[in-house]
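# Coordinates in review
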Amino acid sequence: MRKNILFSLLMFALLLLSHIVNAQNKALIDSLRQEANVLAYSNPERAVERGLELFSLSENNPSQQVSALLTVANAYAVLKDHDKVLKYALKADSIASENQNYTDQVRALGFIGG
């Protein structure tokens with residue numbers, strides 16, 4: 001009986017810990033996204049760094065990856081590096097197409113068209 005209670009408490013603690021880590025990860029991703037978008041015009045080099053960091057942290061969320069890549073492409077547009085703008089925008093479109101996310105495809109193609 002005592003072992004069952006101890007096991008239950010241990011499982012509860014692990015579950016609680018996983019929720020805390022997940023919430024911190026979401027907060028970090030939201031913070032990076034906001035920072036990258038703000039920096040795109042004032043400090044585009046830093047926005048590229050933050051956008052690529054956001055991309056790597058969002059490996060399980062294709063929509064967030066598309067957003068991160070479009071932010072990077074936007075920062076390169078400010079820097080007038082048109083080859084890299086197309087590289088990241090087309091990569092965003094490719095991810096959206098693979099995942100059949102039409103909203104993200106429209107966003108990526110609208111960016112490319114603009």
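Here, the structure is the one placed above.
A brief report on the enclosed structure follows. In this text, all values refer to a predicted model and were calculated from it rather than measured experimentally.

Any two packed helices are characterised by how steeply their axes cross, that is the angle between the axes, and by the distance between the axes. Where helix 3 (residues 62-78) meets helix 4 (residues 82-98), the axes come as close as 8 Å, and the angle between the chain directions of the two elements is 165 degrees. Overall, the two elements helix 3 and helix 4 adopt an arrangement that is roughly antiparallel. Relative to helix 4, the crossing made by helix 3 is left-handed. Judged by residue contacts, Pro62, Gln65, Val66, Leu69, Leu70, Val72, Ala73, Tyr76 and Ala77 of helix 3 engage Lys84, Val85, Tyr88, Ala89, Lys91, Ala92, Ile95 and Ala96 from helix 4. Split into classes, the residues belonging to the contact of helix 3 with helix 4 amount to 14 nonpolar, 1 polar and 2 charged.

Its 17 residues give helix 4 an end-to-end C-alpha distance of 24 Å, which sits within 8% of 24 Å, the value for a rise of 1.5 Å per residue. Against helix 2 (44-57), helix 3 and helix 5 (102-113) lie the buried residues of helix 4. The first or second residue beyond helix 4 is Gln100, which carries a positive phi of 50 degrees.

With 21 residues, the main nonpolar core has Val66, Leu69, Tyr76, Tyr88 and Ala92 as its most contacted residues. Broken down by element, the residue count for this core peaks at 8 residues, all from helix 3. Residues contacting Leu69, with those up to four places away along its chain left out, are Phe55, Tyr88, Lys91, Ala92 and Ile95.

Further remarks concern the packing of aromatic side chains. Inspection of the entire model under this criterion finds 1 aromatic pair. Centre to centre, the rings of Tyr76 and Tyr88 are 5.7 Å apart; their planes meet at 10 degrees, and the pair counts as stacked. With Tyr76 in helix 3 and Tyr88 in helix 4, the pair connects residues that are 12 residues apart, well separated along the chain. Given the relative accessible area of 11%, Tyr76 is considered buried.

Cut-off values and rules
Residues numbered from 1 in each chain as written. Predicted model: local features only at pLDDT ≥ 70, side-chain atom pairs only at ≥ 80, totals over all residues. Heavy atoms only, no water. Axes fitted to C-alpha atoms, helices over the stretch in contact; angles between N-to-C directions. Helix = DSSP H or I, 4+ residues; strand = E, 2+ residues; numbered from the N terminus. Parallel < 35°, antiparallel > 145°, perpendicular 65-115°, else oblique. Left-handed = near helix turned anticlockwise from the far one by under 90°. Contact = heavy atoms within 4.5 Å. Nonpolar A, V, L, I, M, F, W, Y, C, P; charged D, E, K, R; others polar. Expected span 1.5 Å × (residues − 1). Core = buried A, V, L, I, M, F, W, Y, C linked by side-chain atoms within 4.5 Å. Buried < 20%, exposed > 50% of the residue type's maximum accessible area, 1.4 Å probe, protein only. Phe/Tyr/Trp six-rings, centres within 6.5 Å; stacked < 30°, edge-to-face > 60°.

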